[in-house]
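Residue-level structural notes
Residue strings, one per chain:
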Amino acid sequence: MPPGEDARVLFDAPTIARRVEGLADEIVAAMGERLVAVGLLKGAFVFLADLIRALDRAGARPGVEFLRLSSYGLGTVSAGQVHLIGDVPTDIAGRRILLVDDIVDTGRSIAYAATLLRQRDITDLKTCTLLDKPSRREVDLVPDFVGFEVPDVFVAGYGIDYAERYRHLPGIVAVEGAK
Ligand code: 5GP
Ligand code: MG
């Protein structure tokens, strides 16, 4: 860890695992067994990997796709504009979509992805995020399924990076002194 930087655990691995099981139950109750989980890369890859297996235990048979949006780069402040880097390759017309992100902050990324996918003649789209920072919201978006609400702190771990570091951590930490 660079000097001046400190990582405090917010959610350890067992706490996340329990919440992911609960989320899967909520999702299957609301959406049924046939859905396509679309993860936003790169941040959502660890969460999505755990979520699809929890969905299996909850009785669902989810398809899996990914969208890649432009990222923060190396800092902690969003560039404010979202760009599509990689699209869903398959035809998703007629499917029920669960859009999955790691964290919803301003809401711009997930709102952008939801708008893009809704143009594809899908049956239904719901949004799911492991972490929600509602105090930072800039667009009118309330995720349908939320793992944990977090205050306005910079988080990392469990797939979420700070300047491409920390993705490998099994839990989620608040990075203090992050620039
Ligand atoms: P939004 O478009 O909602 O402002 O931001 C969404 C994306 O910004 C998230 O999917 C995540 O990749 C990144 N992000 C937002 N807050 C944080 C944070 O506290 N830590 C990290 N590492 N990324 C964040
Ligand atoms: Mg993300």
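What you see is a predicted model, and the numbers here were worked out from it, not measured in a lab.

In terms of helices and strands, the chain carries three helices and nine strands. Along the chain, from the amino end to the carboxyl end, the secondary structure elements read β-α-β-α-β-β-β-α-β-β-β-β. For the C-alpha atoms alone, the extent of the chain along its principal axes is close to 50 × 35 × 25 Å. Burial status across the chain gives 45% buried among its 179 residues. Across the chain, contacts joining residues at least 24 apart in sequence account for 68% of those joining residues at least 6 apart. Accessible surface for the chain amounts to roughly 8700 Å². Of this, 51% is attributable to carbon and sulfur atoms.

So, about the packing of helix H1 (residues 13-31) against helix H2 (residues 45-57). Packing of H1 against H2 leaves a shortest axis separation of 8 Å and a crossing angle of 60°. As judged from the angle between their axes, H1 and H2 are oblique. Viewed along their axes, H1 and H2 form a crossing whose handedness is right-handed. Contacts from Val-20, Glu-21, Leu-23, Ala-24, Ile-27 and Val-28 of H1 reach H2 at Phe-47, Asp-50, Leu-51, Ala-54, Leu-55 and Arg-57. Of the residues in the contact of H1 with H2, the class split is nine nonpolar, no polar and three charged.

About the thresholds
- Residues numbered from 1 in each chain as written.
- Chains lettered and ligands numbered in written order.
- Predicted model: local features only at pLDDT ≥ 70, side-chain atom pairs only at ≥ 80, totals over all residues.
- Heavy atoms only, no water.
- Helix = DSSP H or I, 4+ residues; strand = E, 2+ residues; numbered from the N terminus.
- Buried < 20%, exposed > 50% of the residue type's maximum accessible area, 1.4 Å probe, protein only.
- Contact = heavy atoms within 4.5 Å.
- Areas by Shrake-Rupley, 256 points an atom, 1.4 Å probe, with all protein chains shown as cover.
- Axes fitted to C-alpha atoms, helices over the stretch in contact; angles between N-to-C directions.
- Parallel < 35°, antiparallel > 145°, perpendicular 65-115°, else oblique.
- Left-handed = near helix turned anticlockwise from the far one by under 90°.
- Nonpolar A, V, L, I, M, F, W, Y, C, P; charged D, E, K, R; others polar.

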